[in-house]
Amino acid sequence: MDHKALAELLFPNVTMTPEEVEAKFPHRNLPEGAVVTRMAPSPTGFVHMGHLVQGLISERMAHQSGGVLFLRIEDTDAKREVPGAVEVLIDSMKYYGIQFDEGATMDGDSGNYGPYRQRQRADIYHVFAKKLVSEGHAYPCFCTEEELSTMREQQEANKETTGYYGKYAMWRDRSMEDIQAQLNAGNPWVLRFRSEGSIENQFKFDDLVKGKLTITENNVDHVLLKSDGIPTYHFAHAVDDQLMRTTHVVRGDEWLPSLPFHIQLFKTLGFKLPKYVHIGPLMKMDGNSKRKLSKRKDPELAMTYYTAEGFPAKAVYEYLMTVLNSNFEDWRRANADAPADTFKFSPKKLNPAGSLFDYAKLVDVSKNVISRMSAEEVYDLLTAWAQEYDPDFGAKLTADPDYAKRILAIGRGGKKPRKDLAVWKDAKPYMGFFYDEYLEVPQFDEKFDKAVVIDVLNRFLEKFDINDDSNVWFEKVKAITTEIGFTTDMKAYKADPTAFPGTVADVSTFLRQAVTGKTNSPDLYTVMQILGHERTVDRIKATIAKL
Ligand code: GLU
């Protein structure tokens with residue numbers, strides 16, 4: 001077989017040489033040890049936690065080493081493409097602080113190693129496809145779907161491994177005449193790799209997450225170019241990561257089975273193999289067993305879930321760090337206020353089997369993160385969330401920012417800040433009563449006579465002075481307690497509850513319910529201070545009127 005002639009026959013329009021293409025994308029001038037990596041999503045429009053994990057690992061590895069993170073769009077499957085998907089992805093990564101240095105952007109491509117969208121790279125792939133054919137490493141295959149499925153059935157019947165290999169590789173050694181005849185007939189063809197590998201052979205390979213792997217050589221003649229001339233993932237991966245000068249490939253471990261072929265392909269093409277970081281899946285507990293997070297069963301897989309619930313980006317980021325690097329939590333304890341990106345991230349600390357996603361832990365981390373924010377920051381983030389997901393509440397927050405910030409400042413600062421909020425969705429139930437329209441009618445405990453409640457409220461109205469400090473205020477509450485025959489001695493009450501009709505805690509609850517509509521609220525003295533004299537009095541009077 002004259003391979004050069006075959007290459008000319010298949011790719012008559014390709015005139016560039018691989019060397020000429022390589023010269024257009026010189027090695028990057030970066031410091032020793034700098035990691036060049038990428039995100040390479042398919043534009044399906046669905047952005048999920050797996051993307052964020054991959055983005056975060058890639059971003060940390062690139063930026064903490066003084067390297068480059070770029071975005072490549074793997075749009076070879078036009079059927080799955082959703083308009084606007086690239087924008088959605090860029091937006092959500094940006095929301096979590098993952099910025100690309102080059103690649104696909106909102107308005108076209110930016111950078112010297114593009115184009116960064118695979119469908120625009122057809123010419124480039126064809127240069128390397130032609131090279132492989134001319135060296136006898138690739139050949140056209142004219143098999144029809146029918147022939148391929150007959151082959152598969154035969155293999156299954158013989159209990160053999162399915163696939164296009166060995167004696168089943170029907171077009172591997174066909175003559176130029178056979179090929180020419182098919183081309184003349186205008187029959188479609190795919191380009192296949194001619195594998196020289198054998199499943200008898202194994203070799204060692206080091207993955208940055210999985211560690212030492214024993215790999216069996218690939219013996220399948222995989223497809224490199226589909227019949228429309230568009231490459232498969234495998235071929236595009238080799239060509240793109242070579243020309244874009246990727247040093248590390250961070251990707252899901254669902255690609256591990258293809259790794260033997262990728263290694264073989266890089267070698268045959270004369271490319272330098274990048275380092276691989278194969279990330280295990282995100283799992284969750286389902287009863288007593290672990291399973292992968294699933295798009296169908298787990299709404300928390302989609303990134304839209306976190307924005308709608310109102311998890312601050314910082315909290316999700318912080319949580320993922322704790323999941324991905326086991327030493328992050330200790331570091332955080334020692335560096336409470338340090339920005340998360342000053343932590344030294346290591347791919348070696350990833351769990352090779354995958355990470356366990358624990359929602360309760362996320363909530364916990366988020367409460368901590370929010371409790372450490374300033375009232376100002378909470379206000380800004382909460383308002384942005386509310387304007388989108390609860391516009392009515394959003395309008396209330398923006399109508400009087402100072403008022404909202406005073407509310408949000410309650411219990412903030414100090415060694416033990418309050419942890420009332422895990423997500424912005426929690427804010428309305430927590431603080432809504434400060435807004436008259438959200439105030440609920442209190443339901444008093446029926447074990448107390450209404451007359452007693454009214455009596456307490458009236459006595460409080462007589463004594464209430466907004467200028468009292470919290471001690472004086474509480475002394476007055478205690479005085480009322482004694483006046484109505486309740487006790488302020490909680491110890492004595494606990495020892496014998498039947499000895500007293502009620503306690504100072506009950507009196508406080510009557511007041512709390514009258515003012516906030518609820519049995520739980522932030523510090524009542526502070527609540528009254530923020531509401532002011534008139535509104536506090538009005539609320540108590542309104543409660544009395546309804547009793
Ligand atoms: N397009 C591939 C995917 O979405 C990219 C894998 C990779 O990063 O190489 O799974």
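Up top is the structure.
Residues numbered from 1 in each chain as written. Predicted model: local features only at pLDDT ≥ 70, side-chain atom pairs only at ≥ 80, totals over all residues. Heavy atoms only, no water.

Caption draft 1: Region of interest: the sheet that holds strand β6 (residues 190–193). If you trace the 3 strands from one edge of the open sheet to the other, you get β5-β6-β9, paired in antiparallel fashion. Only two strands of the sheet have a single partner each, and these edge strands are β5 (138–141) and β9 (223–225). Across the sheet, the axes of successive neighbouring strands diverge by a mean angle of 45°, strand direction being ignored. The strands touched by helix α9 (residues 259–269) are β6 and β9; relative to β6, the strand with the most contacts, the crossing angle is about 90°. (Pairing = 2+ DSSP bridges. Helix = DSSP H or I, 4+ residues; strand = E, 2+ residues; numbered from the N terminus. Axes fitted to C-alpha atoms, helices over the stretch in contact; angles between N-to-C directions. Contact = heavy atoms within 4.5 Å.)

Caption draft 2: Seen up close, helix α6 (residues 145–157). Taking 1.5 Å per residue, 13 residues should reach 18 Å; α6 reaches 18 Å between its end C-alpha atoms and fits that length. Residues Leu-148, Met-151 and Gln-155 constitute the buried set of α6. Around the axis of α6, the buried residues are gathered within 60° of arc, so they sit on the same side. For α6, exposure combined with an orientation more than 90 degrees from the buried face picks out Glu-145, Glu-146, Glu-153 and Ala-157. The elements touched by buried residues of α6 are β6. (Expected span 1.5 Å × (residues − 1). Buried < 20%, exposed > 50% of the residue type's maximum accessible area, 1.4 Å probe, protein only. Arc of directions from axis to C-beta.)

Caption draft 3: Spatial organisation of the site of the ligand. Near the ligand you find Arg-38, Ala-40, Ser-42, Gln-54, Glu-74, Tyr-233, Val-250, Arg-251 and Trp-255, and these make up its full shell. Between an oxygen atom of the ligand and a side-chain N or O atom of Tyr-233, the distance comes to 2.4 Å. Between an oxygen atom of the ligand and a side-chain N or O atom of Trp-255, the distance comes to 3.2 Å. When the ligand is considered free in solution it has 300 Å² of accessible area, and contact with the protein chains removes 83% of it. For the shell around the ligand, the class distribution of residues is 4 nonpolar, 2 polar and 3 charged. (Near = heavy atom within 4 Å. Polar contact = N/O pair within 3.5 Å; in protein donor to acceptor, adjacent residues only side chain to side chain. Areas by Shrake-Rupley, 256 points an atom, 1.4 Å probe, with all protein chains shown as cover. Nonpolar A, V, L, I, M, F, W, Y, C, P; charged D, E, K, R; others polar.)

Caption draft 4: A look at the sheet that holds strand β13 (residues 289–292). Taken in spatial order, the 3 strands line up as β13-β12-β14 in an open sheet, and their pairing is mixed. The open sheet terminates on both sides in strands that have one partner only, identified here as β13 and β14 (355–356). Pairing of strand β12 (residues 282–286) with β14 involves 2 bridges; the strand directions are parallel. Within β14, the residue paired with Leu-282 across the bridge is Ser-355.

Caption draft 5: View of the nonpolar core. Within the largest apolar cluster, 104 residues are counted, with the highest numbers of intra-cluster contacts made by Met-49, Met-431, Phe-434 and Tyr-435. In this view, Met-49 contacts Leu-282, Leu-301, Met-303, Tyr-306, Val-316, Leu-320 and Phe-357; residues no more than four positions away in its chain are not counted. In terms of nonpolar packing, the next biggest core, distinct from the first, is built from 57 residues, Phe-25, Val-68, Leu-132 and Phe-266 among them. (Core = buried A, V, L, I, M, F, W, Y, C linked by side-chain atoms within 4.5 Å.)

Caption draft 6: Quick look at the side chain of Lys-210. Within the secondary structure layout, Lys-210 lies in the loop between β7 (202–207) and β8 (211–216). Its relative accessible area of 18% is what places Lys-210 among the buried residues. Residue contacts for Lys-210: discarding those within four places in its chain leaves Asp-253, Leu-256, His-278, Gly-280 and Pro-352.

Caption draft 7: Quick peek at the pattern of salt bridges. All told, the structure shown has 41 salt bridges when counted by the stated rule. Between Arg-539 and Asp-436 there is a salt bridge, with the nearest N and O atoms lying 2.6 Å from each other. Within this pair, whereas Arg-539 is found in helix α22 (residues 524–546), its partner Asp-436 is found in the loop between α17 (427–431) and α18 (450–463), the two being separated by 103 residues in sequence. Among the ionic contacts, a cluster of salt bridges with common partners joins Arg-38, Arg-72, Glu-74, Arg-121, Asp-240 and Asp-241. (Salt bridge = Lys/Arg side-chain N within 4 Å of Asp/Glu carboxyl O.)

Caption draft 8: Spatial organisation of the pairing of β8. In terms of strand pairing, β7 meets β8 through 6 bridges, oriented antiparallel. Each bridged residue has a counterpart across the sheet, and for Phe-205 the counterpart in β8 is Leu-213. Counting the residues between successive antiparallel strands, the hairpin from β7 to β8 contains 3 residues.

Caption draft 9: The side chain of Lys-396, seen in detail. For Lys-396, the location among the structural elements is in helix α15 (residues 391–399). On the basis of relative accessibility, which here comes to 14%, the residue Lys-396 falls in the buried class. Ignoring anything within four residues of it in the chain, the contact list for Lys-396 reads Tyr-435, Glu-437 and Tyr-438.

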